[in-house]
Amino acid sequence: MKLSKRTLLKLKNKNKKLKPNKYKKLKRECLRGNTKGTFQRPRLSVYRSNQHIYAQIIDDTNSTTLLTCSTLDRSIKLNLSNGRTCDASRLMGQKLAKFSLQKNITKIIFDRGPYLYHGRVKALADGARAGGLQF
C-alpha cells in the first residue's frame, strides 16, 4: 500500500503505527526539498549516530562529495577519549572549517537532516562558524 508523504505525516500526527525509519526518511526528504547545495554554496550534511558524528560537504549539482570529516578521524580521536560529546563535535566542526577554507569554500548551507538543532548538531555548527564558515 503506497501512500503519499502528506498522508503518511497525517498518520504520524494521529498516532497511527508508522515505523520510525520510514518517518525519519520522510522527515529528511521534507527538509531536504528546500536545501540544495551548489558549487558556490555547497551543503553541509550531518549524520549523528550514538557513538560518533559525521559531516560531509556536498555539491548537489554535480552529485559529488567535496569534503568529509568525522569523530573517527585520527587527529580528533587522539585529542578526545569519547566521540559522542559536544566537545568532540565542536572540535570536528573547527577541523572541517579549516579543511574547507583550504579548498576555498567559505559559504555553505547547513543541512541538519532529521535531527534537531540541539546538542551535538548545534555544537558542530558552532565549531564550523568559529572556524570561519558562513551559513
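Attention here is on the structure that accompanies the text. (Residues numbered from 1 in each chain as written. Predicted model: local features only at pLDDT ≥ 70, side-chain atom pairs only at ≥ 80, totals over all residues. Heavy atoms only, no water.)

The topology assignment puts M92 in helix α4 (residues 86-102). In sequence terms M92 and S75 are 17 residues apart; their C-alpha atoms lie 9.4 Å from each other. Excluding its chain neighbours within four sequence positions, the residues that come into contact with M92 are I53, Y54, A55, C69, S70, T71, I76 and L124. (Helix = DSSP H or I, 4+ residues; strand = E, 2+ residues; numbered from the N terminus. Contact = heavy atoms within 4.5 Å.)

We now examine the pattern of salt bridges. Scanning the model with the defined rule gives four salt bridges in all. Of the charged contacts in the structure, one is a salt bridge between D126 and R129, with a shortest N-O distance of 3.6 Å. Here R129 and D126 lie together in helix α5 (residues 120-131), a separation of three residues that amounts to about one turn. Exposure remark for D126: the relative accessible area of 31% places this residue in the partly exposed category. Salt bridges here are not isolated pairs; linked through shared partners, they connect R43, D60 and D111. (Salt bridge = Lys/Arg side-chain N within 4 Å of Asp/Glu carboxyl O. Buried < 20%, exposed > 50% of the residue type's maximum accessible area, 1.4 Å probe, protein only.)

Below, the discussion takes up the packing of aromatic side chains. A complete count under the given rule lists four aromatic pairs for this structure. Judged by centre distance (6.4 Å) and plane angle (65 degrees), the ring pair of Y47 and Y115 falls under edge-to-face. Taken as a pair, Y47 in strand β1 (residues 43-48) and Y115 in the loop between β4 (109-111) and α5 lie far apart in primary sequence, 68 residues in all. Owing to a relative accessible area of 7%, Y115 belongs among the buried residues under this scheme. Arranged with centres 5.4 Å apart and planes meeting at 15 degrees, the rings of F110 and F135 form a pair that is stacked. Here the residue F110 occupies a position in strand β4, and F135 occupies one in the segment after α5, the gap between them amounting to 25 residues. Classification of F110 as buried rests on a relative accessible area of 17%. Members of the aromatic cluster, connected to one another through ring pairs, are Y47, Y54 and Y115. (Phe/Tyr/Trp six-rings, centres within 6.5 Å; stacked < 30°, edge-to-face > 60°.)

To continue, consider the nonpolar core. A general trend in soluble globular proteins is that nonpolar side chains are found buried together. Counting 20 residues, the largest nonpolar core has L44, M92, L96, F110 and L124 as the members making the most contacts within it. Only β1, β2 (53-59), β3 (64-70), α4 and α5 provide two or more residues apiece to this core. Among the elements that line this core, the one with the most residues is α5, at four residues. When near neighbours in sequence (up to four residues on either side) are disregarded, L96 contacts L44, A55, I57, L67, T68 and C69. (Core = buried A, V, L, I, M, F, W, Y, C linked by side-chain atoms within 4.5 Å.)

Taking 1.5 Å of rise per residue, 12 residues should cover 16 Å, and α5 covers 16 Å from first to last C-alpha, within 8% of that figure. Taken as a whole, α5 has its buried residues at R120, V121, A123, L124, A125, G127 and A128. Buried positions along α5 lie against β1, β2, α4 and β4. Once α5 finishes, G132 follows within two positions and takes phi at roughly 120 degrees, a positive value. (Expected span 1.5 Å × (residues − 1).)

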